[in-house]
Amino acid sequence: MADSLDHAPAQAKNLPQFLAMTIGAIGVVYGDIGTSPLYAFREALRPFGPGGVERAEVVGLISLMLWTLTIIVTFKYVLFLLRADNDGEGGTLSLLALLMKKAPRYTTLMFMAGILGAALFIGDAMITPALSVLSAVEGLKLVTPAFHDYVLPISVGIMVLLFAVQSRGTGAVSIFFGPITLIWFLVLGAAGVAHIGDDLAILSAFNPFNAVTFLWNAGFVGFIVLGAVFLTVTGAEALYADLGHFGRGPIQAAWFAVVFPALALNYLGQGALVLSHPEAVSDPFFLMYPNWALLPVVILATAATIIASQAVITGAFSLVRQAINLGFLPRFEICFTSETQTGQIYLPLVNNALLTGVIVLMFMFGSSESLATAYGISVTGAMVVTTVLAFEFARHQWGWSTLTATAVLLPLLVLELFFLGANLFKIHDGGYVPILIAGTLITMMWTWRKGVRLLRQKTARHDIPLSQFMAMVERKSEHAPVEVPGTAIFLTATPDTTPAVLLHNIKHNHVLHQHNVIMTIKTARVPYVPEKDRYTITKLSDRFSLLELRFGFMDNQNVSRALVRCRKEGFKFEIMSTSFYLGRRKLIADPKSGLPQWQDKLFIAMADSATDPTEYFHLPPNRVVELGEQVII
């Protein structure tokens, strides 16, 4: 099928294509981490208070930032994790799907870790746009103080417009992402180069001893500062999640050739500026630029933050689709905004939820300074989860011994736990926000999995084995159903048992079609299923066949298109004489059995919000018959 081809992991075939994909990676993959210089150093300086910051502390802070970028992003993500893929795809849920297949005995632990990472990423997708855009627009206050009261309305307006255009797709806009972000990184690097000469002592930040000395001497304040220092690596998860879109080579080339040098130079320049002009601590990023350049830089920074926001929004859409296909969430409406690229999707419900969350955060905190305190927990938490999953991946996929995997990944885990601990001290200042967001999402995914399992257990009590049913209807008796011409396709999740909708059809209509196809749809724990492995047809009798369709968790589950392929391979049926039978269940809460009452209500609400199977599986609506039943859960 075309969707698996369109979604195949990216591979550059020649140098021009490699360069194009590298520039694209600069825009999409590194848009988030590229906006960190707007606020990271400023927030790291803030805990030192009105007494000011000493020279050794400035050098130590910049050293911490450079080595955090080196260890977390370069070593962990760019050099190590980009090699830990699931058929070319990266990201928390992609790793989870692979590990649940390779190590089934850890299913519960892996599931909890995976949904925690996914929930934290979605929380990040709310906070990143709000913080980044506010930081950029606040530069207008330096252009003229008259803009002071308009920063928040302008930022909210930008967010509303950004989320409003999601339904139109990002294909046309995304071609500008790379070039604009490339210009942004060049401006970052140029500003750094222009100011490093202000005080060359900043170059000693390359010595990691200064970072260690700073932490040793700063004491508790140094530990608190770690939470702000970690802002330098926000967006690192995106480069791993976008592995399948650009491939390992372009992402690595973009980091080493453009992104890392530009970030390092800019942080060095901000540090040199503060060393030579201590009053610049209020906003070292924008104060690097002369007055005549401020407005163009603010405009460019705003464009860069919009691109960064677009990247995490798109990532959230992709992650939710993975969660739906893996059975962690109900089926939400998925709109495809491109006729050729099935990766360009839009989920209205998710889009509206993200927009609401972003606007609430903006009004709740009012400024990037306040919102920065809420940032960090979701990012560090997601990174810790990824490291834990990577440990299992290295053992089960690469065959590393426990000792080797521990020696390589334990130092990273300890470092990230220190960063997480530092961010936890910000809970009372706003850090509770990502925890609440993640907690809500985890509760929803856990409830959905638990409810679906309970629902299957309850309905299984009334199941009739398919073989037994076939034997019954083949008997010639006066109570046998009337045979009618045509083909009926019955969707079911349990192909060994008789679909309830088939039993209801015979009970109410007393008919059985000439050809009956029991169709089940399986989601494999790989991103894409090749076209040749898409389906299996098994003839059970003259009147019954079993059809199994297989999709990857990144595939577009287009059943109609798959059936067209089946016809080409010899599956005999005419679409205009074929009926698709779907069961529709009305769930009724029972406080005396099953789930607790609050979870019952949540599960039923989630089930009611699910999109119609006809739309989700792209069935021809004029050929679908739905029969309902009530189920007490």
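Residues numbered from 1 in each chain as written. Predicted model: local features only at pLDDT ≥ 70, side-chain atom pairs only at ≥ 80, totals over all residues. Heavy atoms only, no water.

## Quick notes on the overall build of the chain
Thinking step 1. Helix and strand counts for the chain stand at 25 helices and eight strands.
Thinking step 2. Here the C-alpha atoms of the chain give a radius of gyration of 27 Å, agreeing with the 26 Å that 2.2 N^0.38 yields for 633 residues.
Thinking step 3. The dimensions of the chain, computed from C-alpha atoms along their principal axes, are 100 × 55 × 55 Å.
Thinking step 4. Residues classed as buried in the chain amount to 55% of the 633 residues present.
Thinking step 5. By sequence separation, contacts in the chain at least 24 residues apart represent 83% of the contacts at least 6 residues apart. (Helix = DSSP H or I, 4+ residues; strand = E, 2+ residues; numbered from the N terminus. Rg over C-alpha atoms; globule rule 2.2 N^0.38 Å. Buried < 20%, exposed > 50% of the residue type's maximum accessible area, 1.4 Å probe, protein only. Contact = heavy atoms within 4.5 Å.)

## Topic: the sheet that holds strand β3 (residues 482-491)
Thinking step 1. Taken together, the six strands give an open sheet; going across it, the order is β5-β6-β4-β3-β7-β8, and neighbouring strands pair in mixed fashion. Each edge of the open sheet carries a strand with a single partner, namely β5 (535-539) and β8 (624-632). Averaged over neighbouring strand pairs, the angle between their axes works out to 25 degrees when direction is ignored.
Thinking step 2. Where β3 and strand β4 (residues 511-524) come together, eight bridges link them in parallel fashion. When the sheet's bridge partners are listed, V482 is paired in β4 with V511.
Thinking step 3. Contacts from helix α21 (residues 466-474) reach β4 and β6 (544-552) within the one sheet, and its direction differs from that of β6 by about 150 degrees. (Pairing = 2+ DSSP bridges. Axes fitted to C-alpha atoms, helices over the stretch in contact; angles between N-to-C directions.)

## Describing a nonpolar patch on the surface
Thinking step 1. Together, V360, M364, L424, I427, Y432, I435 and L436 make up an exposed nonpolar region whose accessible area comes to about 590 Å².
Thinking step 2. Examining the composition of the nonpolar patch, we find that three residues originate from one element, helix α20 (residues 432-460), more than from any other.
Thinking step 3. Its place among the elements puts I435 in helix α20.
Thinking step 4. With relative accessibility at 36%, the residue I435 sits in the partly exposed group. (Patch = residues over 30% accessible without salt bridge, like charges linked within 9 Å, V, L, I, M, F, W, Y side chains within 5 Å. Areas by Shrake-Rupley, 256 points an atom, 1.4 Å probe, with all protein chains shown as cover. Salt bridge = Lys/Arg side-chain N within 4 Å of Asp/Glu carboxyl O.)

## A few points about the pattern of salt bridges
Thinking step 1. Taken as a whole and judged by the stated rule, the model has 13 salt bridges.
Thinking step 2. Across the salt bridge formed by D533 and K532, the nearest N and O atoms sit 3.3 Å from each other.
Thinking step 3. In this structure, R534 engages D555 in a salt bridge whose closest nitrogen and oxygen atoms are separated by 3.5 Å. Here R534, found in the loop between β4 and β5, pairs with D555, found in the loop between β6 and α23 (559-568); they are 21 residues apart in sequence, far enough to count as distant.
Thinking step 4. Relative accessible area serves as the criterion here: at 1%, R534 is assigned to the buried category.
Thinking step 5. By relative accessible area, which is 1% here, D555 ends up buried.
Thinking step 6. The network of salt bridges with common partners includes R42, E43, R46 and E369.

## Things to note about empty space enclosed by the protein
Thinking step 1. For the structure on display, the rule yields two cavities of 30 Å³ or more.
Thinking step 2. Computed from the structure, the largest cavity encloses a volume of approximately 70 Å³.
Thinking step 3. As for the largest cavity, its lining consists of D32, L120, F121, D124, G235, A236, E237, A238, V312, S378, V379 and A382.
Thinking step 4. Taken together, the elements giving at least two residues each to the lining of the largest cavity come down to α6 (107-137), α12 (236-241) and α18 (377-396). (1 Å grid on protein atoms, 1.4 Å probe; cavity = no way out; pocket = protein on both sides within 12 Å on 5 of 7 lines; lining within 4 Å. Points joined across faces, edges and corners; volume = space filled by probe spheres on them.)

## Things to note about the nonpolar core
Thinking step 1. Y30 and W255 are the most contacted members of the largest nonpolar core, which has 186 residues in total.
Thinking step 2. Considering every element that reaches this core, the biggest residue donor is α6, with 18 residues.
Thinking step 3. Beyond its immediate sequence surroundings of up to four residues, W255 is in contact with Y30, I33, L69, V73, T74, V78, F260, P261 and L263.
Thinking step 4. The next biggest cluster of nonpolar side chains, apart from the first, holds 15 residues, and it includes M470, V501, I518 and F544. (Core = buried A, V, L, I, M, F, W, Y, C linked by side-chain atoms within 4.5 Å.)

## Observations regarding the packing of helix α15 (residues 291-325) against helix α16 (residues 348-365)
Thinking step 1. Closest axis-to-axis distance for the α15/α16 pair is 10 Å, and the angle between their directions is 135 degrees. Our classification of the angle between α15 and α16 gives oblique. The handedness of the crossing between α15 and α16 is right-handed. Side by side, α15 and α16 meet where I313, A316, F317 and V320 of the first sit next to V350, N351 and L354 of the second.
Thinking step 2. Looking at the contact of α15 with α16 residue by residue, the class counts come to six nonpolar, one polar and no charged. (Parallel < 35°, antiparallel > 145°, perpendicular 65-115°, else oblique. Left-handed = near helix turned anticlockwise from the far one by under 90°. Nonpolar A, V, L, I, M, F, W, Y, C, P; charged D, E, K, R; others polar.)

## Comments concerning the packing of helix α8 (residues 151-164) against α16
Thinking step 1. Close contact between α8 and α16 brings their axes to 10 Å; oriented N to C, the two are set at 175 degrees. The orientation of α8 with respect to α16, classified from their angle, is roughly antiparallel. When α8 is examined against α16, the residues L152, S155, V156, M159, V160 and F163 are found in contact with a partner set consisting of N351, L354, L355, V358, I359, M362 and F363.
Thinking step 2. Partitioning the contact of α8 with α16 into residue classes produces eleven nonpolar, two polar and no charged.

## Description of the pairing of β6
Thinking step 1. In terms of burial, β6 is a largely internal element, eight of the nine residues being buried.
Thinking step 2. Alignment of β4 against β6, held across nine bridges, turns out to be parallel. Note that in β6 the partner of T523 across the bridge is F551.
Thinking step 3. In this sheet, β6 lies alongside β5 in antiparallel orientation, the contact comprising five bridges. Of the residues in β6, the one forming a bridge with I537 is L547.
Thinking step 4. Between the antiparallel neighbours β5 and β6 lie four residues.

## Quick word on the packing of aromatic side chains
Thinking step 1. A complete count under the given rule lists 17 aromatic pairs for this structure.
Thinking step 2. Centre to centre, the rings of F80 and W398 are 5.5 Å apart; their planes meet at 90 degrees, and the pair counts as edge-to-face. One end of the pair, F80, is in helix α4 (residues 55-80); the other, W398, is in the loop between α18 and α19 (402-424), and 318 residues separate them in sequence.
Thinking step 3. The exposure class assigned to F80 is buried, which follows from its relative accessible area of 10%.
Thinking step 4. Note on W398: relative accessible area 26%, which makes it partly exposed.
Thinking step 5. Ring plane angle 65 degrees and centroid distance 5.5 Å describe the contact between F285 and Y289, whose orientation is recorded as edge-to-face. In terms of burial, F285 and Y289 fall into one category: buried.
Thinking step 6. What links up through ring pairs into an aromatic cluster is the set F80, F393, W398 and W400.
Thinking step 7. Across from the ring centre of W398, 4.7 Å away, lies the NZ or CZ of R83, which sits over that ring.
Thinking step 8. Positioned above the aromatic ring of Y616 is the side chain of R331, whose terminal nitrogen or guanidinium carbon lies 5.9 Å from the ring centre. (Phe/Tyr/Trp six-rings, centres within 6.5 Å; stacked < 30°, edge-to-face > 60°. Lys NZ or Arg CZ within 6 Å of the ring centre and 35° of its normal.)

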